[in-house]
Amino acid sequence: MSEDTFYPQAQRGLPGLLRAWLTHGRGDSERLAVLLADTARVASLGQPASNPDGETLEQWAAEGGAPLWAPKAALFLLMQMPARPVPQGPDDACAWAYCWLRMREHDSPTAALVALPEHLRQPLAWPIEAAWQDLTHQRLI
């Protein structure tokens, strides 16, 4: 994958993280929206000014346009689930890798990959490398 294609793929995949949260999270979209915003605040993934409503979360999952704290919080929550969800295609995988590198600092792409839960290492191996290249070219700032 060229570094020129990673970022657009990651951006296209961000709504997929929210769809995964809506699919795997417990509760209706109203509750899941509040959990997402609260998680962003508590885990220092962003500071939402207010909680989105369920309709807004569903719109972000369908059309995109979510602030970055939302997919980062979704990834944070999805990674801890016993169901062990994984990305559903290349765009989603790029978004998961993009958010992972935006959530924490890593010394290298290998360190970022090793820090992932075991079930995500194989599906995110190639996008982590692409995300790292994007990061080192300063596009993730």
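Values in this document were obtained by computation on a predicted structure and should not be read as measured data.

What follows is about helix 3 (residues 54–63). Along helix 3, the residues that are buried comprise Gly54, Leu57, Trp60 and Ala61. The arc that holds the buried residues of helix 3, viewed along the axis, is 125 degrees, so those residues lie on one side. Facing away from the buried side of helix 3 by over 90 degrees, the exposed positions are Glu55, Ala62 and Glu63.

Ranked by size, the top nonpolar core spans 43 residues in total, and within it Leu17, Leu18, Trp21, Leu36, Leu57, Leu75 and Trp100 carry the most contacts. Counting residues per element, this core draws most heavily on helix 5 (residues 90–103), which supplies 10 residues. Excluding residues that lie within four positions of it along the chain, Leu17 makes contacts with Pro71, Ala74, Leu75, Leu78, Ala95, Trp96 and Cys99.

Here we take up the pattern of salt bridges. Going through the model one piece at a time under the given rule, you end up with three salt bridges. A salt bridge links Arg41 to Asp38, with the shortest nitrogen-to-oxygen separation between them at 3.1 Å. Here Asp38 and Arg41 lie together in helix 2 (residues 29–42), a separation of three residues that amounts to about one turn. In this structure, Glu118 engages Arg121 in a salt bridge whose closest nitrogen and oxygen atoms are separated by 3.2 Å.

Rules behind the numbers
- Residues numbered from 1 in each chain as written.
- Predicted model: local features only at pLDDT ≥ 70, side-chain atom pairs only at ≥ 80, totals over all residues.
- Heavy atoms only, no water.
- Buried < 20%, exposed > 50% of the residue type's maximum accessible area, 1.4 Å probe, protein only.
- Helix = DSSP H or I, 4+ residues; strand = E, 2+ residues; numbered from the N terminus.
- Arc of directions from axis to C-beta.
- Core = buried A, V, L, I, M, F, W, Y, C linked by side-chain atoms within 4.5 Å.
- Contact = heavy atoms within 4.5 Å.
- Salt bridge = Lys/Arg side-chain N within 4 Å of Asp/Glu carboxyl O.

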